Amino acid sequence: MPFSRDTQRSTANETVEEFIRSVAPSADSSASMLCTDGVLTPHWRAFFAEALKSSHAGVTATDRHEMLQRALRESNQTVQRRIEDNGVTYNVYADAASQMRPWSLDVLPMIVAEHEWQTIERGVLQRVRLLNDVLADVYGAQTLIKRGLLPHAIVHGHPGYQRAAHGIVPRGGTHLHIAGFDLARGPDGAWWIMSHRTDAPSGLGYLLENRMIVSRLFPEAFRALKIERVVGAYRALMASLAAHSTKGSASHIVLLTPGPFTETYFEHVYLARYLGITLAQGGDLVVRNERVWLKTLKGLEAVDVVLRRLDDVFIDPLELRSDSALGVPGLMQAFRAGNVVLANAPGSSWLESSAVLAFLPKISDALYGEAMALPSIATWWCGETLALQAMLPQLDQLVVKPTYSDKARRFVPANGKQMSPRERAQWAARIASAPERFVAQSYLPLSRTPTFDANAAQMSPFIESRAAMMRVYAVSDGERRWRVLPGGLARIAPSGKEIVSMYRGGSSADVWAITGRVREDTAPLTTTLTPISDHRTTLGISSRAAENLYWLGRYTERLDNSTRLARITLEALASNDEELPSTQQWLSRLAVENGLVAEAVPTMRQSATVFERSLIASLTDRDAKRGAYSVAATLAALKLTAFSVRERLALEQWTLVAASEQEFHAVLADDSPQQVGLQTALRALERLSLNVMAMSGAQSDRMTRDDGWRMLSIGRQVERLITLATALAEAFATRTVENDTGFSLVLGLFDSTITYRSRYLQRRDPEALIELLVLNRDNPRSLAWVSQTMQARLAKLEATAMGDVPELLHDRILPHSWVATTLAPYLARSARGEHEAIVALLRSVVDEASEISTSLSQHYFSHAQGMQSLGAAGTRDEQSNPDDRTPGAGK
């Protein structure tokens, strides 16, 4: 927190209430902070008392206003920096300008008083138990439908009702392991439940990140208010999931995600890392003999619990949505057989229909003899004649919603208050024609929560009110037992708007719940995300993650090589020296081979100017529109691959990759987009080279030497072997090594100039060149070192006995097996100007490396021996879901 301790003073000259009114003068702005008598609520008094400590004794109200505004602005900057550094995103794919949009978090928390929280907690616990019992009945005896307490049209007519789940009794009778409840506070201060999230509720990861950021900004206020920490609820959830499995604490748990193209993928990664479980996509899992298995580098490993963030309709193409490429064929049968715990159990999404709210009071009374402790917003299902007759006359005071999720049209609720008489008549006719398809709810003006206005002018009010809703979570705590997570995720509408939606530009806030259970909290607030995985065994690395790590290695190496080649080529063009034809031909060939220019571009010798402009233009082309897949395209592929395995990378590694792309394009943007200058391009490439060196260092020194790291290293060696062997073969084929300029450029491309000169001075000797760049096992840029390192990584991966050759390298002749006498005949012919033999030998190395890559893919990634790939990522069309969310990603 930026408020210094050495500037504390008494506020005797001005009450806290008076000061807050000065910075939030409107009634709306201060309403949620003041009691009915105009006195600041105790919790906000405690919070702002900490903030006002930053004022010097005797300073004026103006000074105090300025200091508090500056302190909150600094806190807000800290929030934005943490979000950027941590890569917290909410991906909006309809937003073409920014697909990976930074998460929005307000610096001020939403504080819930103890008496309010106790009511919320009691009501949420009652409701999650009720919803679980409703699911048990609907997929069992269906007595609620038979007794008329629940209309069959709401259940059986809803696309979220899964007939394949009928008759399945989940282990422990727990259908709901996580349930989210969206609450709103009315103008009278009472809390109302607006909706349920029971299929694959989102937000637990964002909630955790919000808490870690905001609590560290205001640690004294956090302790003074005795806010309960949330870690206990996450631990209870994981212990409960394990307890529901037959394996108990030895259970293997995976988090099933739709993949990196869902808007909440960040929190899937974040949760998997925090909970200490494996992040898996549908293609990572396979069902055999009614058991679920994870495809890993070591083979198949059993999975006992699937915590799904994939909507249930997508989880099994055999029994549910047949066109889904996101799920696992046979998963429902494994669940039916009791061999896997699915959290949540499939078939719960129909409970998210607003129509269900209208019938819960009677169901609660019938099952428990209890009234609802926390009421729902007044709701009428128009499929009931009496309800239809009651709501139509008051349509101007109601909000109309769909009974069933309208995925194709993304139904936007219609507010009767905002309709013209003609529009209301049209809606009335529409409802009357198919009443069962519509739900009407009372209009509830949302209460406001205080937010910090970072754009407020100096000495202007800087606390404004915005409409807000709060999502509270109930998590399982044993068989048919739950606990409420002490806090929540507040979602705030944009300034001046009433619609609360992160998709539509809203922001979030941390929810501080005063539960009354915290007596003294002196433990330091955590500064890092520490996994809570002490009670579980871990699974091996999945084949998908291994493949992404392999390509992460290849793209990193490719970026390094292409950046170096681009610099060497542009520097040669900038020197204004008349390059020899052989050198020009070599650089031109390598530029085409490495995607720096398209094949149709004239060579350096034909038109140096056109070649230069084409190469520079391709640097920024992310989509290879010009026929080249140059630096920007490789950098974009590297970023996407790194994003896909964020759960296995240190935060600094991901930040470095994202920042490198941003910086590269920022430097190039210094010039006109139509005409980037040569010197600007060189400056961007030089800076990128330094960043790639940092990436390489992080991969080398900041990653555990497990099978995932070995696969990444193998990817780097394969790419390096292909690139360098190709470059050296072309150098001999074009006779570039026969002139001093070309010879120096070859050494520069291999990053071996200093080493060569320290050994051989300025002597140009092809034999010495071959010794250093091909045979030397101490030079990490030599072909022998690269192939030897690749063999060592494969041997460790395959657990090959010392001295034995890994199976994938059997019958392959690689440079580390060569000796000087092996190459003597080739060098002798080259000395006579006959380079064909050594060129063919070097090109055979390229072929061998390419075949090794293919064999790796078949053996470890696609499991071609005995197993077919189960599908890749689904299309955007199949991922259409309500609430403006991406495919199958939970709500």
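**Q** Teacher, can you tell me more about the overall build of the protein chain here?
**A** Counting its secondary structure elements, the protein chain contains 28 helices and 21 strands. Counting over 891 residues, the protein chain shows a buried share of 59%. In the protein chain, 72% of the contacts between residues at least 6 apart in sequence involve partners at least 24 apart. Here the protein chain displays about 35,100 Å² of accessible surface, and carbon together with sulfur accounts for 50% of that area.

**Q** What am I meant to see in unusual backbone geometry here?
**A** Across the junction of Ala343 and Asn344, the peptide omega takes the value 5°, indicating a cis bond. For Asn344, the position within the fold is in the loop between β12 (341-343) and α13 (360-368). The phi angle at Asp751 is positive, at roughly 55°, despite the residue not being glycine. For Asp751, the position within the fold is in the loop between α23 (740-749) and α24 (753-760). At Asp811, a residue that is not glycine, the phi angle is positive and equals roughly 65°. Here Asp811 lies in the loop between α26 (783-797) and α27 (820-831).

**Q** Explain the side chain of Ser752 here, please?
**A** With respect to the element layout, Ser752 can be found in the loop between α23 and α24. Of note is the side chain of Ser752, whose polar atom sits 2.9 Å from the backbone oxygen of Phe750. With residues up to four places along the chain from it excluded, the contact list for Ser752 reads Leu747, Leu772, Leu773, Asn779 and Arg781.

**Q** Hey, could you run me through the sheet that holds strand β16 (residues 438-442) in this one?
**A** Consider a sheet: its strands pair through backbone hydrogen bonds, and that pairing is either parallel or antiparallel. Read across the open sheet, the four strands follow the order β13-β16-β14-β15; overall the sheet is antiparallel. Across the chains shown, the open sheet's two edge strands, defined by having one partner strand only, are β13 (379-381) and β15 (414-415). Those strands touched by helix α15 (residues 421-433) are β14 (398-402), β15 and β16, and its axis lies near 130° from that of β16.

**Q** Got a minute to help me understand the sheet that holds strand β10 (residues 299-303) in this structure?
**A** If you walk across this open sheet you meet the three strands as β8-β9-β10, and the pairing is antiparallel. Pairing within the sheet leaves two strands with one partner each, and these edge strands are β8 (285-288) and β10. Strand-to-strand twist in this sheet, taken as the mean axis angle between neighbours without regard to direction, amounts to 40°. By the bridge criterion, four bridges tie β8 to strand β9 (residues 291-296) in an arrangement that is antiparallel. Within β9, the position partnered with Val286 by the bridge is Trp293.

**Q** Is there a simple way to think about the environment of Glu599 in this case?
**A** Secondary-structure assignment places Glu599 in the loop between α17 (581-593) and α18 (608-619). The spacing of Glu599 and Arg589 is ten residues in sequence and 8.9 Å in space, taken between C-alpha atoms.

**Q** How should the packing of aromatic side chains be read in this particular structure?
**A** Two measures describe an aromatic ring pair: the distance that separates the ring centres and the angle between the ring planes. Summed over the entire model, instances satisfying the criterion amount to 22 aromatic pairs. With centroids separated by 3.9 Å and ring planes inclined at 10°, the aromatic side chains of Trp103 and Tyr206 adopt a geometry described as stacked. Of this pair, Trp103 sits in the loop between β2 (100-102) and β3 (110-112) while Tyr206 sits in helix α8 (residues 204-217), placing them 103 residues apart in sequence. In terms of burial, Trp103 and Tyr206 fall into one category: buried. The interplanar angle of 40° and the centroid separation of 5.5 Å between the aromatic rings of Trp551 and Tyr555 together place this pair among those described as tilted. Placement of both Trp551 and Tyr555 in helix α16 (residues 543-574) is noted, with a separation of four residues, approximately one turn of the helix. Exposure remark for Trp551: the relative accessible area of 26% places this residue in the partly exposed category. Each residue in the set Trp44, Phe47, Phe48, Phe218, Phe222 and Trp512 is aromatic and connected to the rest through ring pairs, giving one cluster. One cation-aromatic arrangement involves Arg705 over Trp709; the distance from NZ or CZ to the ring centre is 4.1 Å.

**Q** Help me out: how do you make sense of the nonpolar core in this one?
**A** Note on soluble globular proteins: their nonpolar side chains tend to be buried together. Of all hydrophobic cores here, the largest spans 168 residues; its most connected members are Tyr234, Trp512, Phe664 and Leu728. Considering each element in turn, this core owes the most residues, 14 residues, to helix α22 (residues 707-733). Leave out the neighbours within four places in its chain, and Phe664 touches Leu619, Val631, Ala632, Leu635, Ala684, Leu685 and Leu688. If you look at the next biggest cluster of nonpolar residues, it comprises 73 residues, including Val138, Val254, Leu285 and Ile492.

**Q** How do you make sense of α16 when you look at a structure like this?
**A** Because an α-helix completes one turn every 3.6 residues, residues spaced three or four positions apart along the sequence face the same direction. In this model, α16 (32 residues) spans 46 Å end to end at C-alpha, consistent with the 46 Å of a helix rising 1.5 Å per residue. A large share of α16 lies buried, amounting to 26 of its 32 residues.

**Q** What should I look at first to understand the pattern of salt bridges in this one?
**A** If charged atoms from side chains of opposite charge come close, those side chains can pair. Under the defined criterion, the tally for this structure stands at 39 salt bridges. One salt bridge connects Asp182 with Arg491, and the closest N-O pair in it is separated by 3.2 Å. With Asp182 in strand β4 (residues 178-185) and Arg491 in strand β20 (residues 488-492), the pair connects residues that are 309 residues apart, well separated along the chain. Here the salt bridges do not stand alone but share partners, grouping Glu557, Arg716, Arg720 and Arg781 into one network.

**Q** It is not clear to me how the pairing of strand β5 (residues 191-197) should be interpreted in this structure. Could you clarify?
**A** Regular strands place their side chains on alternate faces of the sheet. With six of seven residues buried, β5 is to be regarded as a mostly interior element. Strand direction decides the pairing type here: β4 and β5, joined by six bridges, are antiparallel. In the sheet register, Leu183 faces β5, and the bridge partner there is Ile193. Hairpin geometry of β4 and β5 is characterised by an intervening segment of five residues between the two adjacent antiparallel strands and by a positive phi of about 90° at Gly189.

**Q** Looking at this model, I keep getting lost on the confidence of the model for the protein chain. Mind explaining?
**A** Detailed reading of the predicted coordinates is not advisable wherever pLDDT is low. Model confidence for the protein chain is summarised by a mean pLDDT of 85, while 85% of its residues fall at 70 or above. Every residue in residues 94-98 is under pLDDT 50, and counting partners more than four places away or in other chains gives two contacts. Taken as a whole, residues 864-888 scores under 50 in pLDDT and shows 75 contacts with residues more than four places along the chain or in a different chain.

**Q** Got a minute to help me understand the environment of Gly160 in this structure?
**A** Mapped onto the secondary structure, Gly160 falls in the loop between α7 (152-156) and β4. Placed 190 residues apart in sequence, Gly160 and Trp350 show a C-alpha to C-alpha distance of 4.5 Å. The residues touching Gly160, leaving out its near neighbours within four places in the chain, are Tyr139, Asp312, Gly347, Ser349 and Trp350.

**Q** I tried to follow the pairing of strand β21 (residues 507-513) on my own but got confused; where do I start?
**A** Extensive coverage of β21 is indicated by the burial of seven of its seven residues. Here β3 pairs with β21 via three bridges, running parallel. Looking at the pairing, Val112 lines up with Ala513 of β21. When β20 meets β21, the two strands line up antiparallel, connected through five bridges. If you follow Ala490 over to β21, its bridge partner there is Ala509.

**Q** For this particular structure, what's the right way to read the packing of α18 against helix α21 (residues 678-701)?
**A** Helix-helix packing is described using two parameters, namely the angle between the two axes and the distance between the axes. In the contact formed by α18 and α21, the axes pass within 11 Å of each other and the chain directions differ by 45°. Considering the angle they form, α18 stands oblique to α21. The element α18 and its partner α21 pack so that their crossing is left-handed. Along its contact with α18, which presents Glu612, Ile616 and Leu619, the element α21 presents Leu678, Ala681 and Leu685.

**Q** Explain the environment of Val786 to me, please; I cannot follow it from the model alone.
**A** Checked against the element boundaries, Val786 lands in helix α26. Setting aside its immediate chain neighbours within four residues, Val786 contacts Gln717, Arg720, Leu721 and Pro780.

About the cut-offs
Along each chain, numbering runs from 1 in the same order as the chain's sequence is written. Per-residue local features of the predicted model are confined to residues with pLDDT of at least 70, and side-chain atom pairs are confined, for both listing and counting, to 80 or more; whole-chain, interface and lining totals are unaffected and use all residues. No hydrogens and no water enter the side-chain calculation; it runs on all heavy atoms of the structure. Per the convention used, a helix needs a DSSP run of H or I reaching at least four residues, while a strand needs a run of E reaching at least two, with both numbered from the N terminus. Burial here depends on accessible area, computed with a 1.4 Å probe over protein chains only, as a share of the maximum for the residue type. Under 20% is buried, over 50% is exposed, and the range in between is partly exposed. We call two residues in contact when some of their heavy atoms are within 4.5 Å. Note on areas: these come from Shrake-Rupley sampling with a 1.4 Å probe, and a residue is covered only by the protein chains present in the view. Each polar contact in these results corresponds to two N or O atoms within 3.5 Å; when the atoms are within protein, one needs to be able to donate a hydrogen and the other to accept it, and residues that are neighboring in sequence are counted only if both atoms are side-chain atoms. At least two bridges found by DSSP between two strands are what make those strands a pair. Structural elements are reduced to axes, namely lines fitted to C-alpha atoms, with helices fitted over the stretch in contact, and the angle between N-to-C directions of any two is expressed from 0 to 180 degrees. Working definition: rings of Phe, Tyr and Trp (its six-membered ring) pair if their centres are within 6.5 Å, and the pair is stacked with planes under 30 degrees apart, edge-to-face with planes over 60 apart, and tilted otherwise. Definition used: whenever NZ (Lys) or CZ (Arg) falls within 6 Å of the ring centre and also within 35 degrees of the ring normal, the charge is taken to sit over that ring. Here, nonpolar core means buried Ala, Val, Leu, Ile, Met, Phe, Trp, Tyr and Cys residues that are tied together by side-chain atoms lying within 4.5 Å of each other. What a helix is expected to span follows from its residue count: subtract one and scale by 1.5 Å. Salt bridge, as used here, is a side-chain nitrogen of Lys or Arg placed within 4 Å of a carboxyl oxygen of Asp or Glu. Note: pLDDT gives the predictor's confidence per residue, expressed from 0 to 100. The labels follow the angle: roughly parallel below 35 degrees, roughly antiparallel above 145, roughly perpendicular from 65 to 115, and oblique for the rest. Here is the rule for handedness: rotate from the far helix to the near one, and if that takes an anticlockwise turn smaller than a right angle the crossing is left-handed, while a clockwise turn gives right-handed.

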